[in-house]
Amino acid sequence: MKVLKFGGTSVSSANSISNVKKIVENQSENCVVVVSALGGITDKLIAIEKLALTGDEAWQTEFAEVYKRHHEVINGVVFDNKKDETTADINSLLNELAEIYDQVQQSKDSSLLTHDLIVSYGERLSSVIVCNAIKGANYAYSPDFIKTTTAFGKHTISLATTNALIRQNFSNKNKITVCPGFIATDEKTGLITNLGRGGSDYTAALIAAALDATILEIWTDVDGFMTADPRVISKAYVIEKLSFVEAMELCNFGAKVIYPPTIFPVYHKNIPILIKNTFNPDAEGTLIERKKDDTEKSIKGISSIDDTTLITMEGMGMVGVIGVSKRLFGALADKGISVFFISQASSENTISIGVKNSEAEVAVEAISNEFEQELKKGEINHIKAERDLATVAVVGDNMKRLPGISGKLFGTLGRNGINVIAIAQGASETNISFVINSQSLRKALNVIHESFFLSEYQELNLFLVGTGTVGGGLLDQIRQQQPKLLKQNRLKIKVVGIADEHKVLFDREGIDLANYKHLVKEQGVPTAPEIIRDGIFEMNIFNSVFVDCTASYQIAALYKDLLSHNVSVVTANKVAASGDYDYYAELKELSRKKDAKYLFETNVGAGLPIINTISNLVNSGDKILKMEAVLSGTLNFIFNTISKDIPFSKAILMAKEARFAEPDPRIDLSGTDVIRKLVILSREAGYRVEQSDVIKNLFVPDKYFAGSLEDFWATIGELDAEFEQKRQRLEAEQKKYRFVAKMENGVCSVGLQEVGVHHPFYDLEGSNNIIMITTERYDHPMIIKGYGAGASVTAAGVFGDIMSLANVR
């Protein structure tokens, strides 16, 4: 035989009970069906009790709702030939309950005995209805065979008596027997008691164990145990198999699929538990059994309690003193306070415990009273309570004896800026528990779920600033690649924040990139650097990446705060890497310290792997002695475009129209952009260089940079004749102009250089870039050459940096 338990949501309405009816009537073997009260009814009965206790006549209105609801269920699900009988039985029970409420109102008193009697009616009512809705079902009254005693002011099961009475009451092998869960009677007095919240699960487990059932099925409103709370982690999925120990650990830390004591009776009889969904009966569910699952995953699931106060008792007077823990937990037990987390220093000078926030004040008072003398003598320094924390437990039998699990766990948390306040792990190694700030709970659950491959895919959450040619191109590339990356690389890229020059939009679930311009315009809020920063911090999302596609000094100034909060930075903006050296160095150090990446490959050479190559050379112990490079795609385009028919001024205009040049091309012509790039490369090569250190040999007189942009365009044609003469001379000598950046042993310079036909720079086409790197190992220069300008190439380079964060190859 088997035992099936149906929870409150499974019997909440006529429709849901119809599902129960189908499930039970299709069973091939004898079964006992244990039911909870109709969903929400127990809470309703308690609320009515409180109204009656205060003399509030409104209890009668609320009670009328209870009456109405039960009769609606009867009319919707009970067989026609049993409706009158069922209605009479239900009315009798409801009349009894109404009289009790009336007595409570009159006396303005409700004892524990009265309270237990009131809440018992939920299961008494539902079980009668369910029994009369199922064809061929017989009824058994649980208080006849579930017996309790009283300990520490609470009802506890009288196991020997209960087991004997269950066997006696179920000696007749009925096909289907329905009984109420939760309720019981006192072994001595015979008065109604109960098994506490979740007691229907416990009732079912007791019956299954006593009758040696083949299986205990818990029918609820979820498909089974999930790898994590699906309300927090959208990627959570059903765990197919759990051991009894794993299930117990998950239950104790907030997984509300079953009531923790449920596991104890069936564990000792080795009776498996199957969690099933009443509303999706075809789902496989979760099987809980003694046999260990052979899965390769070290962690099975993550559970949490977002209702934690950590109480810490500290003092040197505790060291080596026998009985401190006994007194501590004894004092808490006397107050009926349950401790779900314990952490103690090996030196014995501190001990921390986790309790519910609502019990914290009473717990601190109880501990303070118990250790009053030690506090007065200074043997205990203080008893401190930290409220509004969260406790997380990662659970899995396969963590046993597996090196590196704790390191990976806490390394993952650290990289995401999550501070761990306290840690606990038992010698069984099935559970690692830790306490964090509740604000970090969502992020912690997500990063652990992903890090231990509980998620089907990895997730990156991007905040992008700047939607111009580079930023807009990047968003288009991401949109086009999202399906492929998800399918082939199991990488989900979500853009959760976008800022243009006017507005910023945040959306934790991800912004629709096909419509982002409209969404930012219509739903965004006015933007400013501090608003962007604060919005990112407030979202506190895991695997966060800040993508800067601007040239803004104000946005670059945010990098320090972002890295300090473990937000990785990917940037096409040269300001930070080429500006003040100390700020550059601070960002690099922060990146190392926080393990948050600071990537700026596209600062030089757009999508060419120049910075990464230099970094690899230096990190492998090589020393860079000399670099020579053409780093301005704009200037290279200009000098490649000048001809007999295209003068210098027109070539500049063409570069602007082709979007190689900046909107103000004087930035390119002044060598400022090349100087920035040379400074960045020199710093990455290990040299301390400021922009002011670079020797400048420029080819456009200063007067053309002094006026307005309009003045520049009006006068730059004055140089056409001079450059045409130079062009003709170079052509005759088979030479070309290249604007070359050079670093040799830390000395940097930029300037116009004539190169001959055999020079590597001579055949550099269009807007291409080239760099020659001479090192101690490479005495013959290493050459990197390719397309070094353009919005799409730069966007692709930024995309490449983003991919490197996810280790996508």
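Residues numbered from 1 in each chain as written. Predicted model: local features only at pLDDT ≥ 70, side-chain atom pairs only at ≥ 80, totals over all residues. Heavy atoms only, no water.

A. Molecular detail of the packing of aromatic side chains. Within this structure, the stated rule accounts for 20 aromatic pairs. Between the aromatic rings of F6 and W219, the centroid separation amounts to 5.8 Å while the plane-to-plane angle is 20 degrees, which identifies the pairing as stacked. Of the two residues, F6 is situated in strand β1 (residues 2-6) and W219 in strand β9 (residues 215-220); the sequence distance between them amounts to 213 residues. We note R290 situated over the ring of Y267; from NZ or CZ to the ring centre the distance is 4.7 Å. (Phe/Tyr/Trp six-rings, centres within 6.5 Å; stacked < 30°, edge-to-face > 60°. Helix = DSSP H or I, 4+ residues; strand = E, 2+ residues; numbered from the N terminus. Lys NZ or Arg CZ within 6 Å of the ring centre and 35° of its normal.)

B. Region of interest: the sheet that holds strand β15 (residues 350-355). The strand order across the open sheet formed by 6 strands is β14-β15-β13-β16-β18-β17, and the pairing between neighbours is antiparallel. For this open sheet the edge positions go to β14 (341-344) and β17 (422-425), each flanked by a neighbour on one side alone. Strand-to-strand twist of the sheet, defined as the mean angle between neighbouring strand axes without regard to direction, takes the value 30 degrees. Pairing of β14 with β15 involves 4 bridges; the strand directions are antiparallel. (Pairing = 2+ DSSP bridges. Axes fitted to C-alpha atoms, helices over the stretch in contact; angles between N-to-C directions.)

C. Here's a closer look at the sheet that holds strand β5 (residues 154-157). One open sheet holds the 4 strands; their spatial order is β5-β4-β7-β8, and the pairing between them is mixed. Two strands in the sheet have a free side with no partner beyond their single neighbour: β5 and β8 (192-194). With direction set aside, neighbouring strand axes in the sheet form an average angle of 55 degrees. Relative to β5, strand β4 (residues 147-151) is paired through 4 bridges, and the arrangement is antiparallel. Bridging from a neighbouring strand, T150 pairs with H155 of β5.

D. A look at helix α15 (residues 469-488). With 20 residues, α15 should reach 28 Å at 1.5 Å per residue; the first-to-last C-alpha distance of 28 Å fits that figure. Remark: the principal bend of α15, roughly 45 degrees, maps to Q481, with a proline, P483, within the next four residues. All of the buried residues in α15 are V470, G471, G472, L474, L475, Q477, I478 and L485. On its buried side, α15 packs onto β19 (458-465), β20 (491-499), α16 (516-523), β23 (544-548) and α30 (791-805). (Expected span 1.5 Å × (residues − 1). Bend = angle between axes of the 7 residues up to and from the residue. Buried < 20%, exposed > 50% of the residue type's maximum accessible area, 1.4 Å probe, protein only. Contact = heavy atoms within 4.5 Å.)

E. The arrangement of the nonpolar core in detail. In this structure, I448, F546 and F648 are the most contacted members of the largest nonpolar core, which totals 104 residues. Considering every element that reaches this core, the biggest residue donor is helix α26 (residues 672-684), with 6 residues. Setting aside residues no more than four positions away along its own chain, F648 makes contact with I638, I642, L669, F699, V700, I716, L719, D720 and F723. Core analysis: the next-biggest nonpolar cluster, separate from the first, contains 45 residues, A14, V130, C131 and I134 among them. (Core = buried A, V, L, I, M, F, W, Y, C linked by side-chain atoms within 4.5 Å.)

F. The pattern of salt bridges, seen in detail. Counting across every chain of the model gives 36 salt bridges. Across the pair E459 and K494 runs a salt bridge whose closest N-O atoms are separated by 3.3 Å. Placement of E459 in strand β19 and of K494 in strand β20 is noted, with a sequence separation of 35 residues between them. When its relative accessible area of 3% is taken as the criterion, E459 is described as buried. For K494, a relative accessible area of 10% corresponds to the buried category. A salt bridge links E586 to K560, with the nearest nitrogen and oxygen atoms 2.9 Å apart. Placement of E586 in helix α21 (residues 581-594) and of K560 in helix α19 (residues 559-564) is noted, with a sequence separation of 26 residues between them. On the basis of relative accessibility, which here comes to 31%, the residue E586 falls in the partly exposed class. (Salt bridge = Lys/Arg side-chain N within 4 Å of Asp/Glu carboxyl O.)

G. Quick peek at the side chain of N461. By secondary structure assignment, the location of N461 is in strand β19. Residues contacting N461, with those up to four places away along its chain left out, are K494, V496, I541, F542, N543, S544 and V545.

H. Just the side chain of N431, in detail. Among the secondary structure elements, N431 is positioned in strand β18 (residues 431-437). A distance of 2.6 Å separates polar atoms of two side chains, one belonging to N431 and the other to S433. (Polar contact = N/O pair within 3.5 Å; in protein donor to acceptor, adjacent residues only side chain to side chain.)

I. View of the packing of helix α23 (residues 633-641) against helix α24 (residues 648-657). For the pair α23 and α24, interaxial distance at closest approach is 9 Å and the crossing angle is 135 degrees. In terms of orientation, α23 and α24 fall into the oblique class. Crossing hand, α23 versus α24: right-handed. On α24, the residues touching T634, F637, I638 and T641 of α23 are F648, A651, I652, M654 and A655. For the contact of α23 with α24, a count of residues per class yields 7 nonpolar, 2 polar and no charged. (Parallel < 35°, antiparallel > 145°, perpendicular 65-115°, else oblique. Left-handed = near helix turned anticlockwise from the far one by under 90°. Nonpolar A, V, L, I, M, F, W, Y, C, P; charged D, E, K, R; others polar.)

J. The arrangement of unusual backbone geometry in detail. Phi is positive for D388, which is not a glycine, with a value near 55 degrees. Position of D388 among the secondary structure elements: in strand β16 (residues 382-395). Unusually for a residue other than glycine, A606 sits at a positive phi of about 50 degrees. Note on placement: A606 falls in the loop between β25 (598-599) and α22 (610-619).

K. Spotlight on helix α11 (residues 360-370). Those residues of α11 that sit buried are A360, A363, V364, A366 and I367. One face of α11 carries all of its buried residues, which in axial projection span an arc of 165 degrees. In α11, the exposed residues that point more than 90 degrees away from the buried face are E361 and N369. (Arc of directions from axis to C-beta.)

L. Representation of the environment of K785 in the model. With respect to the element layout, K785 can be found in strand β31 (residues 782-787). A relative accessible area of 44% places K785 in the partly exposed class. Distance in space between the C-alpha atoms of K785 and V319 is 67 Å, their sequence separation being 466 residues. In this structure K785 touches L608, D763, L764, N769 and I770, once residues within four positions along its chain are discounted.

M. Here's a closer look at the environment of P665. With respect to the helices and strands, the residue P665 is situated in the loop between α24 and α25 (666-669). Put simply, P665 and N381 are 284 residues apart on the chain and 68 Å apart in space, counted from C-alpha to C-alpha.

N. Fine view of the packing of helix α1 (residues 14-25) against helix α3 (residues 58-77). Contact pair α1 / α3: the axes reach a minimum separation of 9 Å and the direction vectors enclose 45 degrees. Taken together, the axes of α1 and α3 lie oblique to each other. Along this stretch, α1 crosses α3, giving a crossing that reads as right-handed. Between α1, through A14, I17 and S18, and α3, the contact on the second element is made entirely by V73, G76 and V77. Here the contact of α1 with α3 is built from residues that sort into 4 nonpolar, 2 polar and no charged.

O. Quick look at the pairing of β18. β18 sits mainly inside the fold: 6 of its 7 residues count as buried. Bridging between β16 and β18 involves 7 bridges; their strand directions are antiparallel. In the sheet register, A393 faces β18, and the bridge partner there is S433. By the bridge criterion, 4 bridges tie β17 to β18 in an arrangement that is antiparallel. The partner of A422 across the bridge, within β18, is V435.

P. Seen up close, the pairing of strand β30 (residues 768-775). For β30, the tally of buried residues reaches 8 of 8 residues, placing the bulk of the element in the interior. By the alternation rule, side chains of β30 split into N768, I770, M772 and T774 and N769, I771, I773 and T775, which are all buried. In this sheet, β30 lies alongside strand β26 (residues 624-630) in antiparallel orientation, the contact comprising 6 bridges. Bridge pairing in β30 links E628 to M772. Judged from the 6 bridges that link them, β30 and β31 form a sheet pairing that is antiparallel. Residue pairing in the sheet places N769 in a bridge with G786 of β31.

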